[in-house]
Amino acid sequence: MIISNLQRVAAIASVATLGLGATAASAQDMPELVINDEIAITTHAPAPAYLENLDEVISGWVFRSTETQALQMDDFDNPGMIFVDKAIDAWDKVEGTAGKSCAACHTGGPEEFAGLRATLPKWNEEKQALYTMEDYINECRTERMGAEAWKWSGADMTAMNALISLQSRGMTINVATDGPVADLWEQGKEIYYTRVGQLDLSCANCHEDNYGTMIRADRLSQGQVNGFPTYRLKNAKLNSIQGRFKGCMKNVRATPYKEGSEEFHALQLYVASRGNGLTVESPSVRN
Ligand code: HEC
Ligand code: HEC
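What you are looking at is a predicted structure, and each value in this text was computed from that prediction instead of being measured.

What counts, and where the lines are drawn
- Residues numbered from 1 in each chain as written.
- Chains lettered and ligands numbered in written order.
- Predicted model: local features only at pLDDT ≥ 70, side-chain atom pairs only at ≥ 80, totals over all residues.
- Near = placed C-beta within 6 Å.
- Helix = DSSP H or I, 4+ residues; strand = E, 2+ residues; numbered from the N terminus.
- Nonpolar A, V, L, I, M, F, W, Y, C, P; charged D, E, K, R; others polar.
- Buried ≥ 20, exposed ≤ 12 C-beta atoms within 10 Å, placed from the backbone.
- Pairing = 2+ DSSP bridges.
- Axes fitted to C-alpha atoms, helices over the stretch in contact; angles between N-to-C directions.
- Core = buried A, V, L, I, M, F, W, Y, C linked by C-beta atoms within 7 Å.
- Domains from an automatic or database assignment.
- Contact = placed C-beta atoms within 7 Å.
- Expected span 1.5 Å × (residues − 1).
- Arc of directions from axis to C-beta.

1. Some words on the site of ligand 1
Phase 1: Near ligand 1 lie 15 residues; those nearest to it are Cys102, Cys105, Tyr136, Cys140 and Arg144.
Phase 2: Residue assignment for the shell around ligand 1 shows that the elements contributing at least two residues are α4 (102-105), α5 (133-144) and α6 (155-166).
Phase 3: With five residues, the single largest contributor to the shell around ligand 1 is α5.
Phase 4: Taken together, the residues of the shell around ligand 1 sort by class into eleven nonpolar, one polar and three charged.

This is the structure we're talking about:
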């Protein structure tokens, strides 16, 4: 059943030049996303010039059911906020050999990080590496607190990531694609368009050629990452970007890259840049 539907997508993907799928999510029949009657989210934006095959970039929220959409419109209904509350507690918790909490150094509170999420991942000059939120958090834990690194997609990490990302909610995604990250961006693009796995599908076959169409009970979105960490109804927890990439690779029966790997960093950079112009939604709610 699963296979046959995926094979259908493969068949659709092979005739992707027909432009199937691009019709489903027109702006006019979609509700607007305003969180807490206050924070306006940009769910449709003109595609950045480097996206040759898209006119418009669209938030994954648009493709969800009315019920799932509603969960993200009010923080009291958003199950992801429970984890944000946990991270607020963790923020003040002393851990590691240096006897420090996050609060000990970041005295302005998580609010200090307003704007950061909208630019990630980005080049870290000092480390000469592309940095995600997870990298920043674990660097502070291991090098500044003398504490253990958190697992990439573990509950502590996704919660802290959500708390910090939340400070940028409603801000426009603006991920740099040039300068020191240019090569990684190209590498990420290459991965995005490479067919992999037994089903021989690329990210683009589903999320670019066929967004808007149904695959099993799911409506395919553009696979945007502006809402991460994402609370998924399916597993009732917050999910990381690279954890989601892993899931999609497994679904096409490919061997996924590892969380934290260079490949996934490059892919995250490229995919994040495909969302330039949308706004930060973290923590979003998806199925
Ligand atoms: C001993 C002091 C110290 C502690 C404790 C600490 N940090 Fe940091 N953190 C820093 C310094 C210094 C930087 C780099 C300079 C900067 O951007 O503030 C930094 C940078 C960061 C950044 C990147 C900021 C940016 O704009 O690039 C994040 C995110 C962050 N810390 C989160 C945390 C979290 C979450 C914790 C607790 C788990 C924590 N830090 C604990 C000192 C600390
Ligand atoms: C067989 C089709 C298929 C392929 C190939 C695929 N995905 Fe997905 N992906 C899905 C489905 C189905 C969902 C859940 C519905 C949705 O949001 O599109 C999903 C969801 C996502 C999401 C979550 C979007 C959100 O709004 O929360 C991201 C991000 C994502 N995929 C990225 C990728 C990347 C990167 C690749 C390539 C490594 C990839 N996907 C390959 C089918 C696919």
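2. A short note on the site of ligand 2
Phase 1: Around ligand 2 sit 27 residues, and of these Gly60, Cys203, Cys206, Gly223 and Cys248 come closest.
Phase 2: Mapped by element, the contributors of at least two residues to the shell around ligand 2 are α1 (2-14), α8 (203-207), α9 (241-251) and α10 (262-273).
Phase 3: Looking at which element gives the most residues to the shell around ligand 2, the answer is α9, with five residues.
Phase 4: Counted by class, the shell around ligand 2 contains 15 nonpolar, nine polar and three charged residues.

3. Remarks on the environment of Thr279
Phase 1: Within the fold, Thr279 resides in the loop between α10 and β11 (284-286).
Phase 2: Given 22 C-beta atoms within a 10 Å radius, Thr279 is considered buried.
Phase 3: Measuring from C-alpha to C-alpha, the distance between Thr279 and Ile173 comes to 5.3 Å, with 106 residues separating the pair along the chain.

4. Some remarks on the sheet that holds strand β10 (residues 237-239)
Phase 1: Pairing in this open sheet of three strands is mixed, and the strands run β10-β9-β11 from one edge to the other. Pairing within the sheet leaves two strands with one partner each, and these edge strands are β10 and β11. Mean inter-strand twist for the sheet, computed between neighbouring axes without regard to direction, equals 40°.
Phase 2: Pairing analysis gives three bridges linking strand β9 (residues 230-232) to β11, with the strands arranged parallel. Its bridge partner being in β11, Arg232 is matched across the sheet by Arg286.

5. Let's talk about the nonpolar core
Among soluble globular proteins, nonpolar side chains are generally buried collectively.
Phase 1: Within the largest apolar cluster, 50 residues are counted, with the highest numbers of intra-cluster contacts made by Ala159, Ala162, Leu163 and Leu269.
Phase 2: Looking at this core, the elements with two or more residues in it are β4 (56-58), α3 (80-91), α6, α7 (182-193), α8, α9 and α10.
Phase 3: When residues of this core are assigned to domains, at least three map to each of domain 1 (2-76 + 173-286) and domain 2 (80-166).
Phase 4: Beyond its immediate sequence surroundings of up to four residues, Ala159 is in contact with Phe83, Val84, Lys86, Ala87, Ala90 and Leu238.

6. Section: α3
Phase 1: Over its twelve residues, α3 runs 17 Å from end to end, which matches the ideal 16 Å to within 8%, given 1.5 Å per residue.
Phase 2: Burial in α3 covers these residues: Gly80, Phe83, Val84 and Ala87. Each buried residue of α3 lies within a common arc of 105° when the element is viewed along its axis, so the set occupies one face. Along α3, exposed side chains directed more than 90 degrees from the buried face belong to Asp85 and Asp89.
Phase 3: Contacts made by the buried residues of α3 are with α6, β9, β10 and β11.

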